[in-house]
Amino acid sequence: MKIKTTLLLLLLYLPLVANVENLTLNRALEMLKKNNLELKISRFNEQMKAYEAEAAEGKNYGTLDVALTGMRSNDAGNVFGFKLQSREATFGDFGFAEFDPQNPGILEVQPQSLNYPGARNYFQTKVSYMLPLYTGGKLTEYGRITKAMQRMSQYDTKKLLNEKVFQTKKAFYDISLIQNYIHNLSKIIKNIKHLENIIGNMQKEGYAKETDRLEVQARLAEAQSMFNQAELNRDLAYQFLSFLLNTDVSSIQTIKNITPIPSIDIGNIEENIDIKKAKLGLRVSKMAINVEKSNNLPTVGAFAEYQSSDNTLWNEFKDKDSYTVGIQAKWNVFNGGVDKANLEKAKVNYLKVKNQVALAKSGIALKAVKLKTEILSKYADIKSYRKQLKFAKRVYENYSSRYKEGIVSITDVLIKQSKELEILLKLLTSKNAYNTKIFELNKLLNLGDSK
């Protein structure tokens, strides 16, 4: 049995620690939603806000309390009160046993049984119920506010999810671009080594100089250094992706195509999480005005009590029970203008939030247009660099062939190769910037998992 339990625990733990290979972007996004620790914490906050809303709703149903009291006392007032609540008081408790009508000083007699009673036990069981009947709308508004705050926490989680989706997509595309860069560097290194062999053969025949070989070797060392740095950057990107997914990722399915440009319209802008939060905040500020208004209205509450008392616990409970019911109305008519000032403050806050909503809309719309302009600019750069790279490769191949014929120097060849590498870096940098702007726009427009 112990071995089976251990195996079960290992199986449950295995998916969290095992390396994930050949991971797709869609699968990564699913893992992100399930495993990301920051999202889990945010969802816990959602749950707490939901319970706060339930607690506020519960205020409308009043409170029911059960109290059990046990005491023992020989205090005259307590003992007489105990007997009275237990419905056991007698004339003897007033000292009537010591009453003598023939005694002219009877009014001066201090009854022994009343002033010095014996100690008595007291047990009381009481059920109390208090219910707010009218609070000027305060409880209703508090309930609406807590539900709005619950919704606000859901918006916070959604905004965090959008941020994590942005980071995950960017990590995927970063890794893919670095992998592409490494692939192209491998080809360049291979070409340099091939060129080094050609120089070696030409040097044997007296057509090349030692400085040509040294120059090529220096370029090879530089390319290999760039290759190593690219691999380190790829490893770092994998570590960040593993952190986001809370799972060790060793390889992904690389993405070759750049992301499409999303459309922008007013409908998209209205889906922005910050705008939704601002609108919700505006509604909350309106509710806050109603809360302050309720301070100028009366409150009405009802209460009921049912109890039974005796010197023995739960003895003759029904015979010695009693009840009390009542209602109370309370209305504050003056508190130095505090309520009025708070109400005016709430109104001013509402106007402030209303302007913040308008500012958020215009600011986000401007940011969306700016991002789209930057995206189009980067896309134009990508198309240009693709053509330049194709041309640079042809030029390098041409110069490499002409070097074999002794028409150009090795320096000219390496310069053309450097130009090819330079354009390759510009192309990949533009692709990275393009993808980043696309993901930022998706995040801004709350497009979720849109590719």
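The following refers to the structure shown. (Residues numbered from 1 in each chain as written. Predicted model: local features only at pLDDT ≥ 70, side-chain atom pairs only at ≥ 80, totals over all residues. Heavy atoms only, no water.)

Let's talk about the side chain of Ser285
Here Ser285 shows up in helix H9 (residues 273–294). Of the residues examined, Ser285 reaches a relative accessible area of 4% and is grouped as buried. With residues up to four places along the chain from it excluded, the contact list for Ser285 reads Asn349, Tyr350 and Val353. (Helix = DSSP H or I, 4+ residues; strand = E, 2+ residues; numbered from the N terminus. Buried < 20%, exposed > 50% of the residue type's maximum accessible area, 1.4 Å probe, protein only. Contact = heavy atoms within 4.5 Å.)

Quick word on a nonpolar patch on the surface
Together, Phe91, Phe94, Phe96 and Phe99 make up an exposed nonpolar region whose accessible area comes to about 480 Å². Within the secondary structure, Phe99 is located in the loop between helix H4 (76–85) and helix H5 (112–115). What makes Phe99 partly exposed here is its relative accessible area of 49%. (Patch = residues over 30% accessible without salt bridge, like charges linked within 9 Å, V, L, I, M, F, W, Y side chains within 5 Å. Areas by Shrake-Rupley, 256 points an atom, 1.4 Å probe, with all protein chains shown as cover. Salt bridge = Lys/Arg side-chain N within 4 Å of Asp/Glu carboxyl O.)

Side note on the environment of Lys277
One can find Lys277 in helix H9. Measuring from C-alpha to C-alpha, the distance between Lys277 and Ala380 comes to 35 Å, with 103 residues separating the pair along the chain. The residues contacting Lys277, other than those within four sequence positions of it, are Met152, Tyr155 and Asp156.

Some remarks on the nonpolar core
Ranked by size, the top nonpolar core spans 72 residues in total, and within it Leu23, Leu195 and Tyr403 carry the most contacts. Breaking this core down by element, the ones donating at least two residues are helix H2 (25–35), helix H6 (138–204), helix H7 (210–245), helix H10 (338–404) and helix H11 (410–444). For this core, the element with the most residues is H6, which contributes 20 residues. With near-sequence residues (within four places) excluded, Tyr403 lies in contact with Leu195, Ile199, Met202, Ala208, Asp212, Val408, Ser409, Ile410 and Val413. Counting residues in hydrophobic clusters, the runner-up holds 9 residues, among them Ile145, Ala148, Tyr155 and Val291. (Core = buried A, V, L, I, M, F, W, Y, C linked by side-chain atoms within 4.5 Å.)

A short note on the pairing of strand E4 (residues 321–330)
Within E4, only 1 of the 10 residues are buried, which leaves the element largely exposed. Across 10 bridges, strand E3 (residues 299–310) lies against E4 in antiparallel orientation. If you follow Ser308 over to E4, its bridge partner there is Asp321. (Pairing = 2+ DSSP bridges.)

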